[in-house]
Structures are given as C-alpha cells and as structure tokens.
Amino acid sequence: MDWIEKEKKLIPQVYKRQNVVFERGEGCYLYDLNGKKYLDLVAGIACLAIGHSHPEFVSRVCEQLKKLVHVSNLYYTTPQIALAEKLQKLTGMDRFFFCNSGTEAMEASLKFARKATGKKKFVAFKNAFHGRTMGALSVTYKEKFRKAFEPLIQPVEFANFNDIVDLGKKVDRETSAVIVELIQGEAGVYPAEREFVKAIFELKEKYGFLVIFDEVQTGFGRTGRWFAKEHYGFEPDIMAMAKAMGSGFPIGCSAIKEEVAEKLEKGDHGSTFGGNPLACTASLATIEIMEKYKLVENAEKMGDYFMKRLKELYSEVRGKGLMIGFKVSNAEELVRRALEKGLILNATSEENIRLVPPLVIGKEEIDLAIEILSGLG
Ligand SMILES: Cc1ncc(COP(=O)(O)O)c(C=O)c1O
C-alpha cells in the first residue's frame with residue numbers, strides 16, 4: 001500500500017491535501033519521494049521565512065537539541081528569556097507569553113483581554129480567520145468551520161471589514177477587545193485600509209476596549225516589515241504571532257502591553273511545552289538569520305517585483321511584500337496543474353490564489369514561477 005492510501009486509513013480526513021508526498025526541502029525548493037523538484041510558493045503556509053533547512057538554522061537547532069530540549073515552565077531557561085528580550089526590541093510590546101501555534105496565541109490573547117478588562121464581548125470581522133480551537137474559532141467567521149461546534153464562546157459580533165460605520169454599530173462599553181488581521185490572510189489577502197485602522201483606535205478611545213492584532217500570518221517580515229502594524233503606525237494592546245516565528249518549528253506567542261500584564265496572576269494561563277528551549281532557539285535563530293541576510297528588505301523588494309510580474313498575467317493582484325493574492329477563474333484546477341509542472345501554489349477559494357513564498361526568494365525563482373504560470377494559460 002502506498003503512503004497516500006495509508007494516510008487515508010490512519011489520519012482523520014480533516015485535511016484537503018494535494019496529491020504529493022514531500023521528503024525534503026532546500027531553500028525555496030521541495031523534493032517529493034521520487035526526487036521531483038518543486039518551487040515552493042506556499043512555504044508551509046507562510047512559515048518558512050528563511051527557506052527550507054537553512055544550514056545555519058539546522059546547526060543552531062541541532063546544537064540546542066544536544067544540550068536541552070525541554071524542562072517545562074516550572075523552571076527558568078535562558079533561550080525563552082533571550083527570545084523575549086529580542087522580541088521586545090522587534091515588536092515594541094512589553095511581555096511575551098509563549099505557546100505552540102497561532103490558534104494558541106489567539107486563545108491566550110482572548111483570555112488576557114477578558115482578564116485585563118473584566119469584560120466579555122469580542123468584536124471580530126467578517127471573513128476573519130483566527131484559528132480552530134474553541135476560543136479562536138469563536139472569532140473566526142466562516143460558518144463551515146463553526147457550525148458543528150456551537151455553542152462557541154459568546155458574546156461575539158462580526159463587523160464588515162474596512163467598514164467604519166458598521167464597526168461603530170458593533171462596539172460598545174461592554175466590548176473587551178476588537179480582534180483584527182491587518183491583512184486578512186485566509187480570506188485571500190485583503191489589506192485593511194489605514195483610515196479603518198485609525199477608526200478602530202478612535203473607537204478604542206471612546207469605549208475603552210483593547211485592540212488585538214492577529215499577526216500570526218503577517219508577522220516576521222512577510223509584508224516587507226517585521227510586523228504589518230509598521231505599515232499603519234498603530235500599537236495594539238495584544239499581538240498574536242506564530243507561523244514564521246520558528247521557521248516551521250511550532251512556536252507561537254501572545255505579546256502584551258504592561259497594562260495587560262499587570263492584571264495577570266499566577267495560573268491565569270499556561271502551557272507545558274510553551275517557550276521550551278528548543279522552540280525558542282529555533283525562533284531566535286530564525287530572527288538572527290533574517291537580520292543577517294536582510295530578509296525583511298528582500299520581502300519588500302521581491303514582493304514588488306513579484307506583483308509587477310503577476311500583473312502581466314492576472315487582473316486583480318493584491319498584497320504587501322511577499323503576501324500576495326490574485327484572482328483566477330478556477331483556483332483549484334490551477335493549483336493542481338501547477339503542481340504537475342513543479343510549482344506549489346495555494347487556493348484560498350474557488351477564485352483566489354494566495355502566494356506566501358519563503359522570504360529568501362530571488363528574481364530567478366520569481367521569473368521561473370511566472371514562466372510556469374504563463375504556460376498554464
Ligand atoms: C491570521 C491567523 N491567525 C491564526 C491562525 C491559526 O494558526 P495555527 O494554524 O498555527 O493554529 C492562522 C492560520 O492560518 C492565521 O492565518
């Protein structure tokens with residue numbers, strides 16, 4: 001029996017997978033079990049900022065692996081504290097709760113918001129995606145993801161994205177937090193307008209709620225800035241991050257301002273694995289490699305180039321940096337045909353392709369992608 005047939009018997013069928021088994025990766029390329037090479041424009045869904053198996057990352061993680069993997073949060077370990085120190089400089093946030101994924105970062109963020117404000121209500125946006133655990137799912141919009149699992153946490157209201165008037169109707173004095181992706185990712189790469197983000201902060205002043213930025217997908221250089229918030233110039237009370245934070249090694253974080261941290265007490269939240277020495281070393285190595293090779297700058301430059309080239313082929317090209325979406329007539333068919341030609345794409349809907357390639361991508365790879373896409377019509 002081959003691997004794919006076995007998977008169908010062994011793994012709950014909750015994933016829609018492409019028909020390929022990958023064995024190894026290097027830089028922007030993946031190789032399947034038959035040795036066929038693929039140009040990867042998905043990067044494990046926006047995770048492999050430094051590309052696959054970066055040699056400096058591998059050696060840093062292996063070194064830590066030999067030294068200490070895990071002791072739990074009953075004790076202090078140096079990589080967790082060093083990572084927090086580094087993140088403080090990068091994000092402008094004050095304190096850092098470490099966990100293991102984006103959805104966990106959102107769970108922590110929602111709990112912290114309730115504890116800090118003593119209020120219950122959350123306001124999120126239509127088409128938002130914040131994860132699939134019960135709390136994160138409660139602020140995720142798609143009916144298909146939510147329906148079977150209701151009742152979810154309440155009260156939650158969804159406002160139209162980029163609609164200041166509608167948001168004004170949904171927030172009130174009972175609102176604990178407004179949760180926003182500055183660029184909606186799973187929805188298909190739709191940036192928030194600056195005026196809209198400004199309005200969120202004006203309403204915050206009026207009603208006293210907290211603002212949670214979900215930078216799980218937009219963080220760590222993806223948009224040509226370390227964090228998407230730098231494009232807008234507003235500072236959240238809480239910021240969720242994960243994905244590229246560990247270059248594929250599972251790590252997430254809820255970064256908070258001191259005013260939120262002051263309200264937290266021992267036992268309010270926790271994680272056995274969260275912030276363990278191996279995960280934090282993977283994250284520190286990722287950040288240092290990104291700094292050394294100027295990958296944030298590369299994301300901005302290559303993002304501009306990629307979007308310019310995509311506009312030669314497609315009508316609606318959106319995004320910032322290397323977080324790019326564009327419209328096609330049959331997205332799933334394009335993903336399947338591109339895969340046959342050795343190009344990895346991702347469809348977020350029937351009509352939308354999302355590209356979130358490694359931030360180490362260069363013109364040569366972008367030109368190759370355009371050549372393959374042109375051939376697919
Ligand atoms: C904006 C955003 N928030 C949260 C999540 C959930 O992250 P994870 O899949 O790591 O739990 C995702 C995942 O795609 C995301 O894009």
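Here is what the cut-offs are and how they apply
Residues numbered from 1 in each chain as written. Predicted model: local features only at pLDDT ≥ 70, side-chain atom pairs only at ≥ 80, totals over all residues. Helix = DSSP H or I, 4+ residues; strand = E, 2+ residues; numbered from the N terminus. Rg over C-alpha atoms; globule rule 2.2 N^0.38 Å. Buried ≥ 20, exposed ≤ 12 C-beta atoms within 10 Å, placed from the backbone. Contact = placed C-beta atoms within 7 Å. Pairing = 2+ DSSP bridges. Near = placed C-beta within 6 Å. Nonpolar A, V, L, I, M, F, W, Y, C, P; charged D, E, K, R; others polar. Axes fitted to C-alpha atoms, helices over the stretch in contact; angles between N-to-C directions. Left-handed = near helix turned anticlockwise from the far one by under 90°. Domains from an automatic or database assignment.

Focus: the overall build of the protein
- From N to C terminus, the protein includes 15 helices and 17 strands.
- At 20 Å, the protein has a C-alpha radius of gyration in line with the 21 Å of a compact globule built from 377 residues.
- Burial status across the protein gives 46% buried among its 377 residues.
- Across the protein, the fraction of contacts at a sequence separation of at least 24, relative to all contacts at a separation of at least 6, is 71%.

Things to note about the pairing of strand 2 (residues 29–32)
- Where strand 1 (residues 22–26) lies against strand 2, four bridges are found, and the strand directions are antiparallel. Bridged to Arg 24 within strand 2 is Tyr 31.
- Counted between consecutive antiparallel strands, the loop separating strand 1 from strand 2 contains two residues, among which Gly 27 sits at a positive phi close to 60 degrees.
- In the sheet, strand 2 pairs with strand 3 (residues 37–40) via three bridges, with the strands oriented antiparallel. Counterpart to Tyr 29 in the pairing with strand 3 is Leu 39.
- Hairpin connection from strand 2 to strand 3: four residues lie between these consecutive antiparallel strands, with Gly 35 at a positive phi of about 85 degrees.

Observations concerning the site of the ligand
- Neighbouring the ligand are 15 residues, the closest being Gly 102, Thr 103, Gly 131, Val 216 and Gln 217.
- A per-element tally of the shell around the ligand places helix 5 (residues 102–117) first, with three residues.
- In the shell around the ligand, the residues fall into five nonpolar, seven polar and three charged.

A closer look at the sheet that holds strand 14 (residues 323–327)
- One open sheet accounts for four strands, arranged 13-14-17-16; its pairing is antiparallel. Each edge of the open sheet carries a strand with a single partner, namely strand 13 (317–320) and strand 16 (346–349). Taken pair by pair, the neighbouring strands of this sheet meet at an average axis angle of 25 degrees, ignoring direction.
- Taken together, the four bridges between strand 14 and strand 17 (residues 352–355) define a ladder with antiparallel strand orientation.

With respect to the packing of helix 4 (residues 78–91) against helix 12 (residues 277–292)
- Where helix 4 meets helix 12, the axes come as close as 8 Å, and the angle between the chain directions of the two elements is 35 degrees. In this structure, the crossing between helix 4 and helix 12 has a hand that is left-handed. Listed contacts from helix 12 to Pro 79, Gln 80, Ala 82, Leu 83 and Lys 86 of helix 4 are Pro 277, Cys 280, Thr 281, Ser 283, Leu 284 and Ile 287.
- Classifying every residue of the contact of helix 4 with helix 12 gives seven nonpolar, three polar and one charged.

Things to note about the domain arrangement of the protein
- Along its sequence, the protein is organised into domain 1 (3–54 + 294–375) and domain 2 (68–292).
- Computed over C-alpha atoms only, the centres of domain 1 and domain 2 are separated by 25 Å.
- Those elements giving two or more residues to the side of domain 1 that touches domain 2 turn out to be helix 2 (43–46), helix 13 (295–311), strand 13, strand 14, strand 16 and strand 17.
- Considering each element in turn, the side of domain 1 that touches domain 2 owes the most residues, five residues, to helix 13.
- Looking at the side of domain 1 that touches domain 2 residue by residue, the class counts come to 13 nonpolar, nine polar and four charged.

Focus: the sheet that holds strand 7 (residues 175–180)
- Here seven strands make up an open sheet; going across it, the order is 4-12-11-10-7-5-6 and the pairing mixed. The two strands at the open ends of the sheet, each matched to only one other strand, are strand 4 (95–99) and strand 6 (156–159). The average angle at which neighbouring strand axes cross in this sheet is 20 degrees, direction not considered.
- In this sheet, strand 11 (residues 238–241) lies alongside strand 10 (residues 210–214) in parallel orientation, the contact comprising three bridges. Directly across from Phe 213, in strand 11, lies its bridge partner Met 239.
- Helix 4 rests against strand 4, strand 11 and strand 12 (252–256) of the sheet, and its axis sits at about 125 degrees to strand 4.
- Sheet strands touched by helix 5: strand 4, strand 5 (121–125), strand 7, strand 10, strand 11 and strand 12. Its angle to strand 12, the strand with the most contacts, is close to 25 degrees.

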